[in-house]
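# Summary of the model geometry
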Amino acid sequence: MTQTRNAWTKSTCAYCGVGCGIEAQIKADGELSIRGDQSHPANFGNLCSKGLALGETVSHQGRLLHPSIDGIEQSWPTALDHVATQFSKTIEEFGPESVAFYVSGQLLTEDYYVANKLMKGFIGSGNIDTNSRLCMSSSVAGHKRAFGTDTVPGCYEDFDTAEMVIITGSNLAWCHPILFQRLKKQKEQRDNLFIVVIDPRETDTCSIADLHLAINPETDVQLFNGLLSYLVEHKKIDQQYIDAHSEGFASALASAQKDASSLEQMASALGINQDDLSSFYAHFANTEKTLTIYSQGVNQSMQGSNKVNSIINCHIATGRIGKPGMGPFSITGQPNAMGGREVGGLSNTLAAHMEFGDQQAHQAISDFWQTDNLATKPGLKAVDLFDAMHDGKIKAVWIIATNPVVSLPNSNKIIAALQKCPLVVVSDCIENTATAEYADVLLPAQGWSEKSGTVTNSERRISRQRRLLPSPGVAKADWWIISEVAKRMGFKEAFDYLHEGEIFTEFAKMTTLNNEDGQARDLNLIGLTQLDGKGYSRLKPQQWPVTELQTETVQQRFFANKQFFTPSKKVQFIAVSIDAKKQISEKTQSNYPMILNSGRIRDQWHTMTRTGLSSRLGAHITEPFVAIHPDDAVPLDIKEHNLVVVKNDKGSMLVRALLTKQQAPGQLFTPIHWNKQTAKSANVCNLANDDTDPLSGQPALKSSQVNIDKWEYQSEGMLLTREPLDLDLFDYWVKQKVEQGYLYRIADSRTSIELASTLHSLLNNKQGKTLQFSSTDETQQMIHRYAFVQDQQLNNAYITSEELTTQSLDWLQSVLDMPLDGSIEQTLISGVVQGKLAQGKIICACKQVGINTINEAITEQNCHSLDLIKDCTTAGTGCGSCLPEIATILEEKLEVTTQRIEVEEFVA
Ligand SMILES: Nc1nc2c(c(=O)[nH]1)N[C@H]1C(S)=C(S)[C@@H](COP(=O)(O)OP(=O)(O)OC[C@H]3O[C@@H](n4cnc5c(=O)[nH]c(N)nc54)[C@H](O)[C@@H]3O)O[C@H]1N2
Ligand SMILES: Nc1nc2c(c(=O)[nH]1)N[C@H]1C(S)=C(S)[C@@H](COP(=O)(O)OP(=O)(O)OC[C@H]3O[C@@H](n4cnc5c(=O)[nH]c(N)nc54)[C@H](O)[C@@H]3O)O[C@H]1N2
Ligand code: SF4
Ligand SMILES: [Mo]
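Residues numbered from 1 in each chain as written. Chains lettered and ligands numbered in written order. Predicted model: local features only at pLDDT ≥ 70, side-chain atom pairs only at ≥ 80, totals over all residues. Heavy atoms only, no water.

As recorded in an unreviewed UniProt entry, the protein chain goes by the name Molybdopterin-dependent oxidoreductase, listed as coming from Psychromonas aquatilis. Recorded in UniProt for the protein chain, the comment headed Sequence similarities (unreviewed entry) runs: "Belongs to the prokaryotic molybdopterin-containing oxidoreductase family. NasA/NapA/NarB subfamily." (UniProt positions renumbered as here; feature names shortened; annotations may be inferred.)

## Let's talk about the overall build of the protein chain
Looking only at helices and strands, one finds 30 helices and 34 strands in the protein chain. By the compact-globule yardstick of 29 Å for 908 residues, the protein chain fits well, its C-alpha radius of gyration being 27 Å. Along the longest, intermediate and shortest principal axes, the C-alpha atoms of the protein chain span 80 × 70 × 55 Å. By the burial criterion, 62% of the 908 residues in the protein chain qualify as buried. Of the contacts formed within the protein chain by residues at least 6 apart in sequence, a portion of 70% connects residues at least 24 apart. In the structure as shown, the protein chain presents an accessible area of about 33400 Å², 48% of it carried by carbon and sulfur atoms. (Helix = DSSP H or I, 4+ residues; strand = E, 2+ residues; numbered from the N terminus. Rg over C-alpha atoms; globule rule 2.2 N^0.38 Å. Buried < 20%, exposed > 50% of the residue type's maximum accessible area, 1.4 Å probe, protein only. Contact = heavy atoms within 4.5 Å. Areas by Shrake-Rupley, 256 points an atom, 1.4 Å probe, with all protein chains shown as cover.)

## Notes on the pattern of salt bridges
Applying the stated criterion to the full structure yields 37 salt bridges. Put simply, E218 and K307 hold a salt bridge, and the shortest N to O gap is 3.2 Å. With a gap of 89 residues between them, E218 in the loop between β10 (211-213) and α8 (220-233) and K307 in helix α14 (residues 304-317) connect regions that are remote in the sequence. When the shortest N-O distance is used, the salt bridge between D220 and K307 registers 3.1 Å. One end of the pair, D220, is in helix α8; the other, K307, is in helix α14, and 87 residues separate them in sequence. Like D220, the residue K307 is buried in the burial classification. Through salt bridges with shared partners, a single ionic network connects D81, E484, K487, R488, K492 and D496. (Salt bridge = Lys/Arg side-chain N within 4 Å of Asp/Glu carboxyl O.)

## Concerning the pairing of strand β8 (residues 164-168)
Across a regular strand the side chains alternate sides, sitting on one face of the sheet and then on the other. Burial within β8 is extensive, with five of its five residues counted as buried. The alternating pattern of β8 places M164, I166 and T168 on one face and V165 and I167 on the opposite face, and all of these are buried. For β8 and strand β9 (residues 194-198), the ladder comprises five bridges, and the chain directions are parallel. Bridging from a neighbouring strand, I167 pairs with V197 of β9. Sheet topology note: the β8/strand β12 (residues 290-294) ladder contains five bridges and is parallel. Bridging across to β12, V165 finds its partner in L291. (Pairing = 2+ DSSP bridges.)

## Details of the packing of helix α17 (residues 382-390) against helix α19 (residues 411-420)
One can describe the packing of α17 onto α19 by two numbers: an axis separation of 8 Å at closest approach and a directional angle of 50°. Accordingly, the angle class assigned to the pair α17 and α19 is oblique. In this structure, α17 meets α19 at a crossing whose hand is left-handed. Only K413, I414, A416, A417, L418 and K420 of α19 make contact with α17, whose side of the interface consists of V383, F386, D387, M389 and H390. Broken down by class, the residue content of the contact of α17 with α19 amounts to seven nonpolar, one polar and three charged. (Axes fitted to C-alpha atoms, helices over the stretch in contact; angles between N-to-C directions. Parallel < 35°, antiparallel > 145°, perpendicular 65-115°, else oblique. Left-handed = near helix turned anticlockwise from the far one by under 90°. Nonpolar A, V, L, I, M, F, W, Y, C, P; charged D, E, K, R; others polar.)

## Considering the layout of surface pockets
Considered as a void within the structure, the largest pocket measures approximately 1500 Å³ in volume. I621, E640, L658, K841 and E885 are the residues nearest the centre of the largest pocket, which is lined by 47 residues in total. Looking at the lining of the largest pocket, the element that brings in the most residues is helix α30 (residues 883-907), giving seven residues. Here the lining of the largest pocket is composed, by residue class, of 16 nonpolar, 17 polar and 14 charged. Estimated volume of the second largest pocket: approximately 860 Å³. For the second largest pocket, the lining is made up of 39 residues, of which N432, Q677, T678, K735 and Y742 are closest to its centre. At the level of elements, β28 (732-738) and β29 (741-748) are the ones that each hand at least two residues to the lining of the second largest pocket. Sorting elements by how many residues they give to the lining of the second largest pocket places β28 first, with four residues. Within the lining of the second largest pocket, the residues separate by chemical class into 12 nonpolar, 18 polar and nine charged. (1 Å grid on protein atoms, 1.4 Å probe; cavity = no way out; pocket = protein on both sides within 12 Å on 5 of 7 lines; lining within 4 Å. Points joined across faces, edges and corners; volume = space filled by probe spheres on them.)

## With respect to the sheet that holds strand β1 (residues 9-12)
Sheet architecture is open: three strands sit in the order β1-β2-β3, paired in antiparallel fashion. One side of each edge strand has no neighbouring strand; the edge strands of this open sheet are β1 and β3 (32-36). Looking at each pair of strands side by side, their axes are set apart by 35° on average, direction ignored. Here five bridges tie strand β2 (residues 21-26) to β3, and the two strands are oriented antiparallel to one another. In the sheet register, A24 faces β3, and the bridge partner there is I34.

And the structure:
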């Protein structure tokens, strides 16, 4: 049932692992209003820019509406029969190991549970893996080694009481904005809070840091091993805790000491200042309430699991775990990365935190699922799985809620693997994803706001996602699609679900197998096993373990009782060391001297299939870029805004150069979001390193080796259209969603006049009014301007020249949405901006405040603090996630202003 108008329905944000509660209301015009849920313990009513824009991304634009086989639309029964028959046939002929599912942390727990049950329980293979392999698997491996289970021990509440917070390999400000803001508030209120950011780049997260350690990439293990040695040397360990509750200390210490040397040598190996290093160590040694937050800079590495254990080792050695305000805290990426780990979506776990190789678990699950075909060994991990497909060993794959052509490393190999695979089934909400292009069968899935089920956030809190809107076409819930295929494969009884709530209670019951009291395993949902339809429908957030239904918010920490889930019940130190071979490999060092790091930007989500629909989100960063230190750029004659080719032996990308000292020399950074759907050649996974961590199988996505060169072109263009256009005939293009249309940026080897005429013929405009003007600018370049008006509306427009500076053309982003008047026509022809068009690039997405307005407030109205800028312009008064950026603008502006004053004084 979908919601009636005017009621506010509680649900959970579609995006990151903070898991913010939202409330949604359907407006009279059918659109969705979104606000934060004040009662939700993850966010207390706050939302970031992505959460606030959720209503803009539920449009039906680009949706996959019907099942299809080989490009031909089919009914559900035909498509489901086809998938079931083909999978069954393949299994019959080549065995269960010849098929695979590749799923996602964006599935709901209920979807994930049935996918895992079908593959491991009934097909009898371990070959179900997930994009969490690229995301959380090193944390999972690290947790299991130390605790015996995949446990995140703490709560978000620990952010409020910690006295030292270490944020390592995480750009919290952009990737988990609500947690960042929570911490920022603490920082503003408490003098005793010391924040350290460990990241080779200087990110927005550094804006709240007392100390930024810009360590050399991949040196984390050495940094934390050094810390462990330091703690011992300075007698800052908790010997009683170590003796009573842990094992393996001596060998972990021996290993750490091998890596450690004098502070001076350590600092030089890490590439940081010695005073900063000793300040970090001393603060850790002397601050009991220390919280270490970590994410992909730790996980996505060939030594990801070792990085995780090097952090956990320091927490155990000081007994800082399981108590308020302290502990290691792996922050999850996707909305249901945790739920996937719970049900067993990773190929090397069985189900509900039960493991392969445990005979009792095997028997209990077989009985519970009533199957005699339970998988007996782990399946292939994502990178290996696609390698096996490439080698012809996987002959049928079902990809659900992930876009591997964009997100798995070495895209060309992934594409080749999909092309070789006889059956590729893709379930997605969007029709034209990069992966859908290689599908034999496409199945339309319900997306966020249409689907219903549960997700678990980083602090183990299970929240409901609720259905808010009807789904377009014949899109169905993923659990339904998977169950229907399972039934057709002959497993009717095991998959005969009527409602997602039934799946949830079945899963809850599974967590209690041989674990009624929660002593055998951490994951225990016994309090939810009796939920009826009404209870499920009204379910409030529940933090596991759930011993009884939680009617009020609880805050629980694991390991407060110093009991772990290892055979001895003791926590394990793990001996880790820097392995020279696992440092950035040297094989291609000379040809590819730069290290390419990759990650996220504030307002886009992954492969942009959803955030790419919002013009508000698109306005923050409009074009893919590679950040480079000026010292690296100058010898290559690379200037700000130049286009550059970044390449290695796997592939290449063509993006804008962004010169910044926030980037260390020798290193580059590029966002992961743009791909063939949104740009000609900007997919970083084309050249991403597919070497993996030997234990977790997680690829080293943060450190690929590349080179970079300036790319020369003859002309640049900007094209504004109401409908998308295929521009692949040009050397470079990027698409940006703007209100009522698209803005393309183009660069090409054609001359600017040829570019103009090619665009002209592509547009193929017929009846209407044409505005056209060619002129020379102050540098004597020819500029060609063209606009086409139909029914008093601007329909399309372009500008071409030898070189276009994007800043001066930012007004193009809003022009399609404005009523056409004389001043806009004048702007279109003359390029001289007038009226409201003058506010420039949007900084505050919520309140739509542009950079020019903010700059003006600083320089003209003397708004020299964030509060004054907020009052003056309303910027930063929505979700607040643009505040670090406004602070940077303020800082830069003030610096410039002061310099100018100094110069003026000097001149005077
Ligand atoms: N806006 C936005 N938010 C998101 C997402 C999104 O797509 N967009 N995706 C979500 C998902 S799935 C995930 S997994 C999270 C990821 O969240 P984060 O992990 O915070 O984000 P990333 O940008 O991938 O990388 C974090 C940082 O690791 C640093 N790093 C690189 N190499 C090293 C190293 O060797 N050591 C250390 N210490 N640091 C290093 C990078 O410079 C980068 O700043 O974000 C989630 N939130
Ligand atoms: N170089 C590099 N590569 C990376 C990373 C990096 O930092 N650097 N990060 C990695 C990480 S941490 C992650 S999590 C991955 C993310 O990578 P992906 O999982 O590939 O990214 P998404 O764009 O989120 O893909 C989700 C797909 O599922 C669809 N979808 C959304 N909701 C549903 C649903 O309910 N059902 C179905 N069936 N489909 C749905 C969306 O339209 C989209 O096509 O990228 C990884 N790749
Ligand atoms: S921090 Fe932002 S993206 Fe993440 S769950 Fe909250 S509102 Fe959604
Ligand atoms: Mo992720």
